[in-house]
Amino acid sequence: MTFHIRPITTEDEDQISEHMRTIFRRDEPLSRSVGLADQLIQKSPRTQKDSSKREVSLVAVDELSNIVGLCLNEFKQRNDPESHFKSTNSDLQKIVELVDYIDKEADVFSKYPDVNGIICIHILSVVPAWRGKGIAKQLVIETRKIANALNAQLLQMDCSSYYSAQLALQLNFRCIYKKKYADYCVDGTPVFLIDQPHEEIGVYVQHTKEQFFSVLMDQFYVRLATDADNDEIWEFSKKFYFKDEPLNNFLRLHECIERDSFPIVCDKDRNFFLLAVDQLSNIIAICKIELIKRDDAKTATKCANVQYQKILDFIEYIDREGDLFNKFPQVEQVLQIKRLSVDTAWRRRSVAQNIIMKIRELATAMNIQLIRMECTSYYSAQLAIKMNFQCFYRKKYTDYQKDGKPIFSPEYPHEEVGVYVYDMCSSKLS
């Protein structure tokens, strides 16, 4: 999958509008919180093609000229007259007013009296299937080249998302202003109710002559969890796993799951967690592993939480349908990866790959031939394929029904659950 980056043209307008509707407004925290994706939106000047010399926006396109990423920018100069966009859509207008408020509070030109020109990155968005390939980073790098060509001394990123803020930090931007969403109120009530991990909006800047580099620590190691880690595993699961995993996210379990419904069992024989931790011993990833044996009794798992029971029933259905022991009569034991979740700030940094390598070491030490990985997410399935797992069984969510209706309808690109296996002897299955 290859891409290249170019300036936007008038021919891109329909594709950009569709991307804004189907991708950006569903992902961006403010738009998501007020449901803009389902509304007909009047076009903003920031999303329209400007034929003037100040047009500095970019798109990333694939080999078929489909837009897979976009970076909508604005060239601002110190003496530009103030302009304020007004929308007839009341929800969009709330966002416009917050952005205007943040611009006024940050007051970048006052903080940098030697700066006369700024390239402002207003919207940075990548198609889900193309994430993790460096597109967003490359769009920012190309934007900086434009800034240098226009003699704009500063880049500015307005980050309403936790993820865009992490990207800014990795590219050596510095935060000069931030506002917690809980503190932006009208009549004492927050205007926006935003899901975790998005807690604030920030303004990040960088001089165009500075070098890009990651300021986040890359050092981490993988270890077995103990009972002393249970509380941290639970808190990590609430913050990341329940909100990211497609089935839990669809049922919004992070809003109602209780710890009693989600037991964390760490023993050395059958159930355990692997943890990735940073240099300060903070958990940055978790992975639940189970040892299953051919002669294990088949017992249905029951849970007091009705919503979580739907997932348990589905997983047990998948376990029956994707039964490895029938397919591989010579196999007596299997290591099963049940739950793998990485802190968003540490993704795309080989944390999950290192955990899987550790699981292979455990399988070798335990003389286990097969590793089984249940992938309810498009991204975990891509990870399994990357790590040379082979797909053994899959089920589309639309085909798992009750009374003729799908029980789960996760957001795109999550369309199916898959069972992937890794053969420790050959790494390929016959």
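Residues numbered from 1 in each chain as written. Predicted model: local features only at pLDDT ≥ 70, side-chain atom pairs only at ≥ 80, totals over all residues. Heavy atoms only, no water.

A few words now on the environment of I95. On the secondary structure map, I95 appears in helix α3 (residues 90–106). C-alpha of I95 to C-alpha of F192: the two residues are 97 residues apart in sequence and 9.0 Å apart in space. Excluding residues that lie within four positions of it along the chain, I95 makes contacts with L30, S31, V34, L36 and F192. (Helix = DSSP H or I, 4+ residues; strand = E, 2+ residues; numbered from the N terminus. Contact = heavy atoms within 4.5 Å.)

Strand order in the open sheet formed by seven strands is β1-β2-β3-β4-β5-β9-β6, with mixed pairing between adjacent strands. The strands lining the two open edges of the sheet, one partner per strand, are β1 (4–7) and β6 (174–180). For this sheet, the mean angle separating the axes of adjacent strands, direction not counted, is 20°. The pairing of β1 with strand β2 (residues 58–61) spans four bridges and is antiparallel. Counterpart to P7 in the pairing with β2 is L58. In this fold helix α1 (residues 13–27) packs onto β2, β3 (67–77) and β4 (117–126), with an angle of close to 65° to the strand it touches most, β4. (Pairing = 2+ DSSP bridges. Axes fitted to C-alpha atoms, helices over the stretch in contact; angles between N-to-C directions.)

So, about the layout of surface pockets. The calculated volume of the second largest pocket comes to roughly 370 Å³. Forming the walls of the second largest pocket are 22 residues, and the residues nearest its centre are Y162, Q166, P197, K239 and A345. When residues of the lining of the second largest pocket are traced back to their parent elements, those giving at least two are α6 (162–170), β9 (200–207) and α7 (230–244). (1 Å grid on protein atoms, 1.4 Å probe; cavity = no way out; pocket = protein on both sides within 12 Å on 5 of 7 lines; lining within 4 Å. Points joined across faces, edges and corners; volume = space filled by probe spheres on them.)

Tracing the chain through its elements places E316 in helix α9 (residues 306–321). On the basis of relative accessible area, E316 is assigned to the buried category, the value being 17%. In this structure, the C-alpha to C-alpha distance between E316 and T299, residues 17 residues apart in sequence, is 9.4 Å. Look past the residues within four positions of E316 in its chain and what remains in contact with it is T299, A300 and T301. (Buried < 20%, exposed > 50% of the residue type's maximum accessible area, 1.4 Å probe, protein only.)

Within this structure, the stated rule accounts for 15 aromatic pairs. Judged by centre distance (6.3 Å) and plane angle (15°), the ring pair of Y184 and F192 falls under stacked. Accessibility assignment for this pair places Y184 and F192 in one class, buried. With a centroid separation of 5.3 Å and 45° between ring planes, the pair formed by Y317 and Y400 is classed as tilted. Of this pair, Y317 sits in helix α9 while Y400 sits in the loop between β15 (390–396) and β16 (401–402); the two residues are 83 residues apart in sequence, bridging distant segments of the chain. Both residues of the pair, Y317 and Y400, belong to the buried class. Members of the aromatic cluster, joined through ring pairs, are F314, Y317, Y397, Y400 and F408. The ring of W346 is capped by R349, whose NZ or CZ atom sits 4.5 Å from the centre of that ring. (Phe/Tyr/Trp six-rings, centres within 6.5 Å; stacked < 30°, edge-to-face > 60°. Lys NZ or Arg CZ within 6 Å of the ring centre and 35° of its normal.)

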